[in-house]
Amino acid sequence: MSINIDNLDNLHMDVLKEIGNIGAGNAATALAKLLNKKVDMDVPKVKVLKFNEVNETLGGAEIIVVGLLLRVYGDLTGNIMFILKNEAAHILVNILMGKDPADTMEFSEIELSALKEIGNILAGSYLSSLSSLTGLSILPSVPELAIDMAGAIISVPAIEFGKLGDSVLYIETEFSEGSTKVVGDFFLIPDVDSYEILLRALGVIS
Amino acid sequence: MENVIKVGMADLKACHHPAVLTTLGLGSCVGIALYDIKTNIIGLAHAMLPDSTQAKNRTNVAKFVDTSIDSLIYEMVRLGSNKQRIVAKLAGGAQMFTFSQSSDSMRIGYRNVVAAKDNLYKLGIPIISEDTGGNYGRTIQLDSSNGILLIKTIGYGVKEI
């Protein structure tokens, strides 16, 4: 069986949405613990976009974003990626480090480590929910971080999706802490062979 | 104002002079810029994957380096260009993330550039300049009036090739 994101049926789509929902929910809880603040989360939006529309996401191909990429190992292989707008990344780091939320100086080494740690925790909690849902062993690698144009960062997951079809599937999640809103995008990108493993483990295909 | 036309991800366009073709935020994808030195007809492709023969779904020719080059040349010839006069410039093919255990899929940028060179070589199209590799994104603009490819980056300056 070969999975094509361009024409996923409703059932598959609902399953992927629900995974996104639960994963992002767990990530929000983990973020709340990390920040020691109440973190609310809007219902995540699952988006399937054509490649030519992808660059308009996050506000344009040239805006600066922070991308955190982790390899996924275990029964399922692939990548998980979390993308934050530069300002949002600053907000998160400033809250975490107890700095003025409006501070947008260039990230220091320790702030970059803090961002990686956020990526670690968000991706880790996302994957552990996926793991308990499916019974599969799924482990993340150490995160890699890149700060660059949105288009260039998104090209990484887009290329992986490109091996399967002509669309990108991702989950837009909005976290808020008090009046501060932080929007982040999760991309869960199973390797080609792992889609089937994932859907089978979820009982969607037999 | 010049006629600036955007080329998206997995997209390609060819046009007559005067025009500027641009593609924003090239990461591991490769930008293939073609220029007819006589008629000033230009073409730009933003390809994601090196090889269409490895893929099951080939409906979008602009997605692959090999088919996007063929298709771009076809479009340019249709506009009145001659293959013998076309020259190429390459940009992109970065590795945005560095993993210590670099798997093959992480080196996709490099593979895209190699595929572009191989395919252009086979077609006898000279590559007159390139700005490829590295670990950063690029926005590129191809100007039909002189064939100059302008490359903008974040933190790595602006250059013309």
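Refer to the structure printed above.
Report on the accompanying structure. Since the structure is predicted, the reported quantities are computational estimates derived from the model, not experimental observations.

Okay, the sheet that holds strand 10 (residues 158-160) of chain B next. All names here are of chain B. If you walk across this open sheet you meet the 5 strands as 1-3-8-9-10, and the pairing is mixed. Two strands in the sheet have a free side with no partner beyond their single neighbour: strand 1 (4-6) and strand 10. On average, each strand axis in the sheet is inclined to that of its neighbour by 20 degrees, with strand direction left out of account. In terms of strand pairing, strand 8 (residues 138-143) meets strand 9 (residues 149-152) through 4 bridges, oriented antiparallel. Among the inter-strand pairings, Ile140 is bridged to a residue of strand 9, identified as Ile151.

To continue, consider unusual backbone geometry. All names here are of chain B. Geometrically, the link from His17 to Pro18 is a cis peptide bond, its omega value of 0 degrees lying close to zero. With respect to the helices, strands and loops of the structure, Pro18 is situated in the loop between strand 2 (11-15) and strand 3 (20-26). One non-glycine residue, Asn40, lies in the positive phi region at around 60 degrees.

All names here are of chain A. Put simply, helix 3 (residues 86-97) and helix 4 (residues 109-134) touch, their axes get as near as 10 Å, and they point 100 degrees apart. With respect to their mutual orientation, helix 3 and helix 4 come out roughly perpendicular. In this structure, helix 3 contributes Ala89, Leu92, Val93, Asn94, Leu96 and Met97 to the contact, and helix 4 contributes Ile110, Glu111, Ala114, Leu115 and Ile118. Looking at side-chain class alone, the contact of helix 3 with helix 4 contains 9 nonpolar, 1 polar and 1 charged residues.

Here Lys63 of chain B shows up in the loop between strand 5 (42-47) and helix 1 (65-78). Looking at Lys63 of chain B, the relative accessible area reads 1%, which means it is buried. Look past the residues within four positions of Lys63 of chain B in its chain and what remains in contact with it is Phe51, Gly162, Gly165 and Asp166 of chain A together with Ala10, Ala47, Met48, Leu49 and Asn57 of chain B.

Okay, the sheet that holds strand 2 of chain B next. All names here are of chain B. Judged by pairing direction, the sheet is mixed, and its 5 strands sit side by side in the order 2-5-4-6-7 without closing on themselves. Edge positions in the open sheet fall to strand 2 and strand 7 (127-132), since each of these has one partner strand only. Neighbouring strand axes in the sheet, compared pairwise and without regard to direction, differ in orientation by 10 degrees on average. Across 5 bridges, strand 2 lies against strand 5 in antiparallel orientation. Residue pairing for strand 5: Lys13 is matched across the bridge by Leu44. With respect to the sheet, helix 1 is in contact with strand 2, strand 4 (30-36), strand 5 and strand 6 (86-92), its orientation differing from that of strand 4 by roughly 25 degrees.

So, on to the packing of aromatic side chains. In the structure shown here, the tally under the stated rule is 3 aromatic pairs over all chains. Measuring from ring centre to ring centre gives 4.6 Å for Phe82 of chain A and Phe186 of chain A, while their planes differ by 35 degrees; the resulting arrangement is tilted. Taken as a pair, Phe82 of chain A in strand 4 (residues 78-85) and Phe186 of chain A in strand 8 (residues 180-190) lie far apart in primary sequence, 104 residues in all. Ring centres of Tyr136 of chain B and Tyr156 of chain B lie 3.9 Å apart, and the angle between their planes is 10 degrees; this geometry places the pair in the stacked category.

Side chains that differ in sign of charge can pair as their charged atoms come close. All names here are of chain B. Summed over all chains, the structure comprises 7 salt bridges over all chains. A salt bridge links Asp36 to Arg85; its shortest N-O distance comes to 3.1 Å. Within this pair, whereas Asp36 is found in strand 4, its partner Arg85 is found in the loop between helix 1 and strand 6, the two being separated by 49 residues in sequence. With respect to burial, Asp36 and Arg85 carry one shared label: buried. Taken together, the shared-partner salt bridges connect Asp131, Arg138 and Lys159 into one network.

Turning next to the environment of Thr23 of chain B. Residues and elements named next belong to chain B. Looking at where Thr23 falls in the secondary structure, it is placed in strand 3. For the pair Thr23 and Arg138, spaced 115 residues apart in the sequence, the C-alpha separation amounts to 8.8 Å. Ignoring any residue separated from it by four or fewer positions in sequence, one finds Thr23 in contact with Val7, Gly8, Leu44, His46, Arg138, Thr139 and Ile140. Only 2.7 Å separates the side chain of Thr23 from the side chain of His46, close enough to count as a polar contact.

Attention shifts here to helix 5 (residues 150-162) of chain A. Residues and elements named next belong to chain A. Taking 1.5 Å of rise per residue, 13 residues should cover 18 Å, and helix 5 covers 17 Å from first to last C-alpha, within 8% of that figure. When the local axis directions of helix 5 are compared, the greatest deviation, roughly 35 degrees, occurs at Val156, which is followed within four positions by the proline Pro157. Helix 5 sits mainly inside the fold: 13 of its 13 residues count as buried.

With that settled, the discussion passes to the nonpolar core. Formed by 95 residues in total, the largest nonpolar core has its most connected members in Phe186 and Phe187 of chain A together with Met48 of chain B. The element contributing the most residues to this core is helix 1 (residues 10-35) of chain A, with 10 residues. If sequence neighbours within four positions are ignored, Met48 of chain B has contacts with Phe51, Ala158 and Ile159 of chain A together with Met9, Ala10, Cys29, Lys63, Ile108 and Asn112 of chain B. Listed in part, the 21 residues of the second largest apolar core include Leu34, Ala47, Met76 and Val113 of chain B.

Conventions we followed
- Residues numbered from 1 in each chain as written.
- Chains lettered and ligands numbered in written order.
- Predicted model: local features only at pLDDT ≥ 70, side-chain atom pairs only at ≥ 80, totals over all residues.
- Heavy atoms only, no water.
- Pairing = 2+ DSSP bridges.
- Helix = DSSP H or I, 4+ residues; strand = E, 2+ residues; numbered from the N terminus.
- Axes fitted to C-alpha atoms, helices over the stretch in contact; angles between N-to-C directions.
- Parallel < 35°, antiparallel > 145°, perpendicular 65-115°, else oblique.
- Contact = heavy atoms within 4.5 Å.
- Nonpolar A, V, L, I, M, F, W, Y, C, P; charged D, E, K, R; others polar.
- Buried < 20%, exposed > 50% of the residue type's maximum accessible area, 1.4 Å probe, protein only.
- Phe/Tyr/Trp six-rings, centres within 6.5 Å; stacked < 30°, edge-to-face > 60°.
- Salt bridge = Lys/Arg side-chain N within 4 Å of Asp/Glu carboxyl O.
- Polar contact = N/O pair within 3.5 Å; in protein donor to acceptor, adjacent residues only side chain to side chain.
- Expected span 1.5 Å × (residues − 1).
- Bend = angle between axes of the 7 residues up to and from the residue.
- Core = buried A, V, L, I, M, F, W, Y, C linked by side-chain atoms within 4.5 Å.

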